[in-house]
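A closer look at the structure
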Amino acid sequence: MFDTLLLDAVVQDSTFTGFLPAYSASVMQLVSEPGGVEAVALARFVAFSDSLPLSPVDTLKGPIVATDSFRLDIPIARRAATIQGLQIAIHRMPAGVDTLTAYDAVAPFFHDSTALDTLDVPDTLSVGRFLAVLPRDAFPNLDADGRLITLGFRLLAPEPTYLELGAVESTNAVILTRFTKVDSAGTQVFRNEGRLPGLDTYFATADVPAPPGALVVGGIPSARAFLRLAVPSAIVDSSTVVRATLILVPVAPVVGPPGDTLILLGAGISADVGAKSPLVEVPADSVAFRVGRVAVGSTDTLRLDVTDLVRSWRANPTRPRVIVVRAVPEGGSLSAAALGSSLLGGAPILQVTWIPPVTLGDR
Amino acid sequence: MTRLVLLLVLLAPALQAQNSVLGVRGLGFPGRWSSALSRGVAGADQLTDPLSAINPGAVVLFPAATAGITISGGYRDYDLGTAAVDGLRETRFPVIVAGGRLSQRFGFGVALSTYAERTWDLTVTDTVMVRGTPVEVTDRLRSLGSIANMTGALAYRPIPQIGIGVGLHAITGSTRLDARRTFADSAFREYRQSAVTTHSGFGVGLGAVVIPVPDIRIGLAFRKDGTLATDVDGVVQTDVSLPTMFAVGINAIAMPGLRLAAAAIRRTWSSTAPVFASDTDTRDTWEFSGGLGLDGAVGPPLPLRFGVRYAQLPYVPAGQPTARELDVAAGTSFRFGAGRGVVDLAVERVLRDGGGVQERVWQITMGMTVRP
C-alpha cells in the first residue's frame with residue numbers, strides 16, 4: 001500500500017462564474033454587518049386573485065370585496081446558533097422587480113417609510129418556520145399593482161451575523177396568505193388564498209474582490225473551480241485507490257458573513273465541454289466524505305475526499321478526469337474562497353493512497 | 001498481501017469450505033487417491049486396491065463391472081502460536097471410480113480424484129501506518145477450488161500372477177481467488193481483487209500388480225506428470241513442473257481372516273518449486289502406511305480395518321522443518337443387495353504440524369461401491 005502526494009496532478013485549472021444566480025438558489029442569505037458587506041432579500045409573490053371560489057367543490061367564484069389581513073409564513077433554513085435577538089425587517093418593495101433588478105434599484109426602498117413590520121426571530125428557532133400577521137392596509141396599492149406584492153427582508157442583529165431564508169427553489173419558501181371577504185349572493189364569506197414567490201432573490205450590498213489569478217469558489221452568482229488532472233496510469237488505472245484527497249489551499253481568508261462556514265464539494269463531470277460540463281451527481285452516501293468545510297475569515301487548508309470519483313475513472317475510462325469544486329448549497333451564500341492555482345502558486349494537490357494489484361495465482 | 005500468506009498469523013477463517021491450513025502454499029494440499037475401503041487401513045493397501053486411483057495396474061483386479069464413490073468429511077481445529085481455531089469443516093469427494101474387465105486378461109478403469117485441494121480462507125488483522133496515522137486493516141484472502149485428476153487406466157494380465165497397466169491422466173481444475181482489504185477507518189475504501197485460475201496438464205502412469213503366491217499381492221506404480229499450465233483470468237501465468245511419483249505396496253493374508261498391508265510413496269514435489277515465492281520451501285515427500293484387516297473370519301462378524309500412516313507435506317514456510325501428518329485409521333464395511341453393494345466406512349484421526357501450526361482432524365470417509 002502506498003501513499004502518494006501528486007503535486008503536479010492538476011495540469012489545468014480555471015474558474016467560471018455564474019452557474020447559479022441568487023434568484024435560483026435554494027436559500028436566500030441575509031447578512032447584518034454594519035459597515036461591512038450586507039445582504040438583503042426580496043420575494044415577489046404570484047399575483048393574488050380578484051375573486052375566489054365560493055366552495056371548494058364548485059367553480060363558481062365570488063368577487064373579493066375586502067381584505068381582512070395578511071399572514072407571512074417565514075422559513076428559517078440556517079442561522080448562527082449562538083447569536084440571539086435577531087429581527088427581520090419587512091419592507092414593501094416596488095411590485096415590478098425581476099431577475100435583472102440590481103441592488104441599487106431596490107436599496108432606496110429599505111428605509112423606514114416602507115417598513116411594514118419588524119419581526120422577532122424566536123431565539124429557539126434554528127431551522128423551521130414562524131408566522132407574522134400584516135394589517136389589511138399593508139399594501140394600499142395592491143389593486144393598482146395588479147395584486148402583485150413584493151416584500152423586502154433585512155436582517156437586524158445585535159452583532160454581525162447571518163440568517164438564511166428558504167427559497168422557492170427548495171420548496172421551503174416564504175408564503176404570503178391573504179385573508180379576504182368574498183361576496184356570495186349578497187353575503188360576505190371569509191376566504192383566503194396563499195401565494196408563493198414567483199421570484200425570490202437576495203443581494204449583497206457590495207462585491208467581494210478575489211485575488212487575481214486565484215481559483216474562486218462560491219459567492220453569488222456562484223463560481224466553480226475546474227481542475228483537470230493527470231494521474232499516473234499505474235495508480236488510477238492499474239491499481240486500486242483506497243483513498244484520494246484533494247487538498248486546496250486558500251490564498252486569502254475566506255470571505256463571507258461573520259460566523260458562516262463555507263462548504264465545498266468536489267464533483268466529477270460526465271463530459272468535458274468547458275464551463276457547462278454536466279456534473280455527475282454525488283452519491284448520497286459519499287456527500288459526507290466529499291465535502292470540506294472552512295470558516296469565514298480562515299485560511300485553513302481544505303481537504304475534500306474524492307476517492308469514489310477517482311475510483312470511477314478506472315471503472316469508466318471515458319469519464320473526464322476533471323474535478324469541479326463548488327459551494328454547497330450553491331448560490332446560497334455570499335461566502336467564497338480564493339484558492340491557490342497553477343497561475344498564482346499553491347495549486348491543488350491530490351493525495352492518493354493506493355494498492356497495486358497483487359499477483360493472484362500460484363505462489 | 002505477500003506477508004499475509006507468509007506469516008499465517010492471527011488466522012480467523014470462516015467456518016466452512018475450509019481445507020487444511022497447511023494447504024495454503026504452492027499447489028495446495030495434496031489429494032489422497034485411496035478409496036474409503038483403503039482409508040480404513042490408512043491407505044496401506046491402495047496399491048492393490050482397484051477402487052483407489054493410484055495404480056493403473058490394479059484395475060485388473062476388478063472382479064466385475066464396478067462403480068464407486070467416496071465422500072469425505074473433515075472436522076478440524078488448529079493452533080498457531082497463541083491463536084486457536086476450531087469448528088472448521090469440509091466435505092469432499094476425493095475419489096470416484098468406475099471400472100471392470102474387458103476380458104479375462106484386460107481390465108480398465110476411469111477415475112476422478114483430487115490432485116490438490118486449494119480451498120482456504122484466511123483473515124488477518126493488522127495495524128498499518130497510513131498518512132502518518134495508525135489504521136487497523138483486515139485482510140481476507142480466499143481461495144475456492146481444486147486441481148482435479150482424471151485418470152483412464154488399462155491393464156493387461158499376461159499371466160495370472162502379473163498384471164501391468166498404463167494410465168493417462170488429465171489434470172484440470174480452477175480456483176477462484178479473492179483478495180480483500182478493509183479498513184476500520186471508513187475514510188478508506190475497501191480493496192478487492194478477484195481472479196480465476198485455471199489449470200491444465202497431462203501425465204502418464206505405469207503400474208503393476210504381482211501375485212507371487214495367492215495370499216500376497218504386491219503393487220508397484222510410477223507416475224510422471226508433465227507441466228501444469230496455469231492461466232489467471234485467461235492469461236498464461238506459469239508452467240509448473242509436476243512431481244514424479246514412485247509407489248510400492250504389499251497386501252498379504254497373514255492367516256485366515258487377517259490381512260496385512262503396507263505402502264510407501266515417494267513424490268518429487270521439489271520440481272514445482274521454481275514458480276513459487278521464495279518464502280515457500282518445497283520438499284520431496286515420503287508417505288508410509290501400514291495396516292491390518294480382519295475380514296470377519298476371525299474376530300467380530302463385521303470386517304474391521306486399522307492402519308497408521310505417516311506422510312510428509314510438500315509446502316512449508318521457508319526455513320521451517322518439513323510439515324508432516326500422522327494418521328490413525330479404523331474402518332469397516334457393510335454389504336447389501338446380495339453383496340452387490342458395499343458401504344465402506346473409515347474414521348481417521350489426523351495430526352499435522354508444520355510452519356508453526358498444529359492441526360487436528362477427524363476425517364470420516366464413506367464409500368459406496370456397486371457391482372451391477
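Scoring rules and cut-offs
Residues numbered from 1 in each chain as written. Chains lettered and ligands numbered in written order. Predicted model: local features only at pLDDT ≥ 70, side-chain atom pairs only at ≥ 80, totals over all residues. Helix = DSSP H or I, 4+ residues; strand = E, 2+ residues; numbered from the N terminus. Rg over C-alpha atoms; globule rule 2.2 N^0.38 Å. Buried ≥ 20, exposed ≤ 12 C-beta atoms within 10 Å, placed from the backbone. Contact = placed C-beta atoms within 7 Å. Nonpolar A, V, L, I, M, F, W, Y, C, P; charged D, E, K, R; others polar. Core = buried A, V, L, I, M, F, W, Y, C linked by C-beta atoms within 7 Å. Pairing = 2+ DSSP bridges. Axes fitted to C-alpha atoms, helices over the stretch in contact; angles between N-to-C directions. pLDDT = per-residue confidence, 0-100.

1. Structural notes on the overall build of chain B
Helix and strand counts for chain B come out as 2 helices and 21 strands. Against the compact-globule benchmark of 21 Å for 372 residues, chain B has a radius of gyration of 22 Å, which places it among compact chains. Along the first, second and third principal axes, the C-alpha set of chain B runs to 75 × 45 × 35 Å. Here chain B, with 372 residues, has 46% of them falling under the buried criterion. The contacts of chain B with a sequence gap of at least 6 include a subset with a gap of at least 24, amounting to 65%.

2. Remarks on the overall build of chain A
Helix and strand counts for chain A come out as 4 helices and 23 strands. Projecting the C-alpha coordinates of chain A onto the three principal axes gives extents of approximately 95 × 50 × 35 Å. When each of the 363 residues of chain A is scored for burial, the buried share is 41%. The long-range share in chain A, meaning contacts at least 24 apart out of those at least 6 apart in sequence, stands at 82%.

3. Brief notes about the interface of chain B and chain A
By convention, interface size is frequently given as the accessible area that disappears when the constituent parts associate. The partner chain A presents 17 residues to the 24 residues of chain B that form the contact. Among the secondary structure elements, those contributing two or more residues to the side of chain B that touches chain A are β6 (120-130), β8 (162-183), β9 (191-213), β11 (227-232) and β12 (235-241) of chain B. Partitioned by chemical class, the residues of the side of chain B that touches chain A number 16 nonpolar, 5 polar and 3 charged.

4. Digging into the environment of B:Leu102
All names here are of chain B. Of note, Leu-102 is situated in the loop between β4 (95-101) and β5 (106-117). Residue Leu-102 is classed as partly exposed on the basis of its 14 C-beta neighbours within 10 Å. Between the alpha carbons of Leu-102 and Ala-65 there is a distance of 9.1 Å; along the sequence they are 37 residues apart.

5. A look at the nonpolar core
Residue and element names in this part refer to chain A. Judged by nonpolar contacts, the single largest core of 49 residues is most densely connected at Val-217, Leu-264, Ile-323 and Ala-337. Filtering out sequence-adjacent residues up to four positions away, Val-217 remains in contact with Ala-223, Arg-224, Ala-225, Leu-264, Val-325, Arg-326, Ala-327, Ala-336, Ala-337 and Leu-339. With 45 residues, the next largest nonpolar core counts Leu-20, Leu-42, Leu-155 and Leu-334 among its residues.

6. Looking at the environment of B:Pro214
Tracing the backbone through its elements, the reader meets B:Pro214 in the loop between β9 and β10 (216-225). On the basis of neighbour counts, which here come to 9 C-beta atoms within 10 Å, the residue B:Pro214 falls in the exposed class.

7. A short note on unusual backbone geometry
The step from A:Ile220 to A:Pro221 runs through a cis peptide bond, and the omega angle for that step is -20°. Its location among the elements puts A:Pro221 in the loop between β15 (215-218) and β16 (223-229). Cis geometry marks the peptide bond from A:Val328 to A:Pro329; its omega dihedral reads -10°. Take A:Pro329: it is sitting in the loop between β21 (322-327) and β22 (336-339). You will see that A:Arg147, though not glycine, has its phi angle at about 60°, which is positive. With respect to the element layout, A:Arg147 can be found in the loop between β9 (128-134) and β10 (150-156). Unusually for a residue other than glycine, B:Arg131 sits at a positive phi of about 55°. For B:Arg131, the location among the structural elements is in the loop between β6 and β7 (133-159).

8. Focus: the sheet that holds strand β1 (residues 2-6) of chain A
Residues and elements named next belong to chain A. The 4 strands are arranged β1-β23-β17-β20 in an open sheet whose pairing can be described as antiparallel. Edge positions in the open sheet fall to β1 and β20 (302-305), since each of these has one partner strand only. Sheet twist, expressed as the mean angle between neighbouring strand axes with direction ignored, is 20°. In the sheet, strand β17 (residues 240-248) pairs with β20 via 4 bridges, with the strands oriented antiparallel. Residue Ile-247 lies in a different strand from β20, and its bridge partner there is Arg-303. Helix-sheet contacts for helix α4 (residues 307-315) involve β17, β20 and β23 (349-355), and the interaxial angle to β17 is about 125°.

9. Quick word on the environment of B:Ser200
Residue and element names in this part refer to chain B. You can see Ser-200 is positioned in strand β9. Here Ser-200 falls in the partly exposed class, since 15 other C-beta atoms lie within 10 Å of it. Separated by 42 residues in the primary sequence, Ser-200 and Pro-158 have C-alpha atoms spaced 34 Å apart. With sequence-adjacent residues up to four places away left out, Ser-200 is seen in contact with Ile-171, Thr-172 and Ala-229.

10. Focus: α4(A)
Along an α-helix, a turn takes 3.6 residues, which lines up residues three or four apart on a common side. Among the residues of α4(A), A:Thr307, A:Asp308, A:Leu309, A:Val310 and A:Trp313 are the ones counted as buried. Residues of α4(A) that are buried in the fold lie against α2 (233-236), β17, β18 (261-267), β20, β21 and β23 of chain A.

11. A word on the pairing of β5(B)
Residues and elements named next belong to chain B. Bridge analysis of strand β1 (residues 29-30) against β5 gives 2 bridges, and the strand direction is antiparallel. Residue Pro-30 lies in a different strand from β5, and its bridge partner there is Ala-116. With 7 bridges connecting them, β4 and β5 associate as antiparallel partners. Among the inter-strand pairings, Val-95 is bridged to a residue of β5, identified as Ser-113. Once β4 ends, the chain turns through 4 residues before running back antiparallel as β5. Pairing geometry for β5 and β7, over 11 bridges, is antiparallel. Within β7, the position partnered with Ala-111 by the bridge is Thr-151.

12. A short note on the confidence of the model for chain B
Within chain B, residue pLDDT values average 90, and 94% of them lie at 70 or more. The complex prediction reports pTM at 0.76, with the ipTM value standing at 0.76.

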